[in-house]
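Summary of structural features
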There are 2 protein chains.
Amino acid sequence: MPKYQGGLDRMFHALGDASRRAMVERLTRGPASVSELARPFDMALPTVVQHLGVLEAAGIVASSKVGRVRTYQLNADALSPAAEWIGRQRLPAERRLDRLAAFLDPPTNKETT
Amino acid sequence: MPKYQGGLDRMFHALGDASRRAMVERLTRGPASVSELARPFDMALPTVVQHLGVLEAAGIVASSKVGRVRTYQLNADALSPAAEWIGRQRLPAERRLDRLAAFLDPPTNKETT
């Protein structure tokens, strides 16, 4: 877990922005240049590059430069730690559903701390 | 999707902090009071309350107050939109793996833009 702490911070932070998520969604359809990625946005290129930098620092995308064209691609497995972390929280929560229901709507219990 | 945009921003932002994630992990084991949640942290209570407020605004946890004790519980389904969003990105990415491999290590192609 400690291995991923900083990584998960960066990853969830990177995903906490609708524009960056839209760039990730675009990249699931294949690699794209900065200008292709900028197209759907009313956004200056440097802002797009900044967003891509956040995604790259989080390990979600990678880039390579050929001549003057920098192309970005999705790191296919990069979101796994985030997906796995969320998965770990949902599973026990589901197991506890009965207990939660009892907590929210206690049968005839007196108060529980 | 637009329905979730603000929600996903808030949710991923809330998860982008190791202390908040640790609080969520604790809450998967059942509801807890602020002081119980604070225990593992070297953190002032108001800071803990602030973190819990971020999680509550994101819809990840809910709280209820009995007397002077405020108790927090995990919203079991709250993380679903985040899990689903990540799932949507990974699936097409996996389908594109061959294409990515070809992109990263082209056979004998000339350049593709």
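Residues numbered from 1 in each chain as written. Chains lettered and ligands numbered in written order. Predicted model: local features only at pLDDT ≥ 70, side-chain atom pairs only at ≥ 80, totals over all residues. Heavy atoms only, no water.

The name recorded for chain A in an unreviewed UniProt entry is ArsR family transcriptional regulator, from Micromonospora pisi.

A few points about the sheet that holds strand S3 (residues 69-74) of chain B
Residues and elements named next belong to chain B. Ordered in space as S1-S3-S2, the three strands form an open sheet in which the pairing is antiparallel. Two strands in the sheet have a free side with no partner beyond their single neighbour: strand S1 (32-33) and strand S2 (61-66). Of the strand pairs in this sheet, S1 and S3 are connected by two bridges, and their pairing is antiparallel. For alanine 32, the partnering residue across the bridge sits in S3 and is tyrosine 72. (Pairing = 2+ DSSP bridges. Helix = DSSP H or I, 4+ residues; strand = E, 2+ residues; numbered from the N terminus.)

A few points about the sheet that holds strand S2 (residues 61-66) of chain A
All names here are of chain A. Reading across the sheet, the three strands line up as S1-S3-S2 and stay open at both edges, with antiparallel pairing between neighbours. The open sheet has two edge strands, strand S1 (32-33) and S2, and neither has a second partner. Note: S2 against strand S3 (residues 69-74), six bridges, orientation antiparallel. For alanine 62, the partnering residue across the bridge sits in S3 and is glutamine 73. Each of S1, S2 and S3 is contacted by helix H2 (residues 18-27), which is oriented at about 85 degrees to S3, the strand it contacts most. The sheet strands contacting helix H4 (residues 45-57) are S2 and S3, and the helix crosses S2 at an angle near 120 degrees. (Contact = heavy atoms within 4.5 Å. Axes fitted to C-alpha atoms, helices over the stretch in contact; angles between N-to-C directions.)

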